[in-house]
Amino acid sequence: MSLSVTGVSVRFGPHSALSDVYLDVADAEVVAVLGPSGSGKSTLLRVIAGLQEPSSGRVFLDDVDVTRVPPHRRGLGLMFQDGALFPHRDVAGNIRFGNGSADVAALLELVGLPSVGARRVDTLSGGEQQRVALARALAPSPRLLMLDEPLGQLDRALRERLVVDLRRLFVRLGTTVLAVTHDQREAFALADRLVVMESGRIAQVGTPREVWERPASEFVASFLGFTNVARVKVVGGQASTPWGTVALDATDGEHAILVRPSGVLLDGGTEATVDLATFAGDRVEVLLTIPGAPPLEVHCPPAVAPEPGETVSVRLDPAQTVVLAG
Ligand SMILES: Nc1ncnc2c1ncn2[C@@H]1O[C@H](COP(=O)(O)OP(=O)(O)OP(=O)(O)O)[C@@H](O)[C@H]1O
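What counts and how
- Residues numbered from 1 in each chain as written.
- Predicted model: local features only at pLDDT ≥ 70, side-chain atom pairs only at ≥ 80, totals over all residues.
- Near = placed C-beta within 6 Å.
- Helix = DSSP H or I, 4+ residues; strand = E, 2+ residues; numbered from the N terminus.
- Nonpolar A, V, L, I, M, F, W, Y, C, P; charged D, E, K, R; others polar.
- Contact = placed C-beta atoms within 7 Å.
- Pairing = 2+ DSSP bridges.
- Axes fitted to C-alpha atoms, helices over the stretch in contact; angles between N-to-C directions.

Per an unreviewed UniProt entry, the protein carries the name ABC-type quaternary amine transporter and comes from Cryptosporangium phraense.

Here is the structure:
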C-alpha cells in the first residue's frame, strides 16, 4: 500500500507539533522516522493512523483520501508504545483481541515464536513480548504497518538481533512499513529510506547511505553524532576551517562543513593536543584540542592511536570533508 502525506500540520494551542509535512512512501517500502524527542515523530504516525486529526493537510492511502476515515477502517497494523499487551492473558488471547479470526499459530511462526500461544504474556521475556506485539499488529494482514519504537525497551544486543529478523520479515511479507525510532543504528539497519525530523518539520529524506554520506544540514549532522561541524569561508576552492585549510569544491563565500572523523589525518599540518582517547573496539575515538578552535574528533586504528597529552599534527582530507546545505 502506498502512502502520501500532503501539507500536514498539527497545532496544539500555540504549539506546532507538525508544520507542513509532505511525505511519500511507495508500496512495500520500509521507512524509518528519526529525530530528537519532541520533533513530531509520534504525531506524524498518529495522523496517518487516524488517531490525531490534522489542523490542515491530507493523508492518502493508495491514492484514496482517508483524512476523515476512522482508524479502524484504514486497514493499518499498529504497534504503538501505549498499545501494550494484556499481561495476564495468554499470548493467543492477546493476538485474537480485536482480530477474532486470526491464525495465531501462523502469526507466531512468522515472528519466530512457535508454541507460546498458551503462555501468559507476563511469563515471556521482553524480546518475546515485542514479538507477540508484532504478531498482534500483523494479525489483520495490514498492507501498511506502523511501528512506534518497535524495539523500545530492549537492550542493545537483543535489538541488534531482532532488527535483522524484522528486516527479513518485512521483505518476505512485502508490507509497507513506517517505523519511528530514536536509534539511528536501528533505523539504518531496518529501512530503505530515512526521514529525519526537526521541530515538526522534515529535515532530510534519503537512503541511509545518502543521509550518512551527505547530511543535509548542521542539525542532521549533529543528530547523527558528527562533531566536526563548522562554518567556514571559502575563497578560490580553499576553505579556512578552525582546524586548518582544506581544498573544498564549493563556491566562494560562507558554508557549513562536516569533516568526518576518519578524514582527520595525523600526518602533518596544524599542531593539536590529545585531550581524550576512548577505546571503541575496532577503533579509538580521539578528541583533539587546537587553541582557539572547537574540539576535533578523529578515529584511529587502535595500533596507532595517540595517548592523552601527546602532541600531534593534523591535516584534513578533502575527500572526507562535506559541504552541508543548511
Ligand atoms: N496531545 C498533545 N497536546 C499538546 N501537545 C502535544 C500533544 N501531543 C504531542 N504534543 C507535543 O507535540 C510535540 C511533538 O510530540 P511527539 O510526541 O510527536 O514527538 P516525538 O518526536 O514522537 O517525541 P518522543 O521521541 O519523545 O516520543 C511535543 O512538543 C509534544 O509535547
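K.L.:
I tried to follow the site of the ligand on my own but got confused; where do I start?
P.N.:
Taken together, Phe-12, His-15, Ala-17, Gly-35, Ser-37, Gly-38, Ser-39, Gly-40, Lys-41, Ser-42, Thr-43 and His-182 form the complete shell of residues around the ligand. Mapped onto the shell around the ligand, the elements with two or more residues apiece are strand E2 (15–25) and helix H1 (41–49). Tallying contributions element by element places H1 first for the shell around the ligand, with three residues. Classifying every residue of the shell around the ligand gives two nonpolar, nine polar and one charged.

K.L.:
Would you mind going over the environment of Thr-175 with me for this structure?
P.N.:
Along the chain, Thr-175 falls in the loop between helix H5 (156–173) and strand E8 (176–180). Ignoring sequence-local partners within four residues, the contact set of Thr-175 consists of Pro-142, Arg-143, Leu-145 and Phe-170.

K.L.:
What is the right way to read the sheet that holds strand E4 (residues 56–61) from this model?
P.N.:
Whether parallel or antiparallel, the strands of a sheet pair through hydrogen bonds between backbone atoms. Strand order across the open sheet formed by four strands is E2-E1-E4-E5, with antiparallel pairing between neighbours. The open sheet has two free edges, formed respectively by E2 and strand E5 (64–65), since each of these has just one partner strand. In terms of strand pairing, strand E1 (residues 3–12) meets E4 through five bridges, oriented antiparallel. Bridge assignment links Val-5 to a residue of E4, and that residue is Val-59. On the sheet, H1 packs against E1, E2 and E4 and is oriented at approximately 115 degrees with respect to E1.

K.L.:
I would appreciate a short explanation of the environment of Thr-207 in the present structure.
P.N.:
Within the fold, Thr-207 resides in the loop between strand E10 (201–206) and helix H7 (208–213). Along the primary structure Thr-207 and Arg-193 are separated by 14 residues, whereas in three dimensions their C-alpha atoms are 4.2 Å apart.

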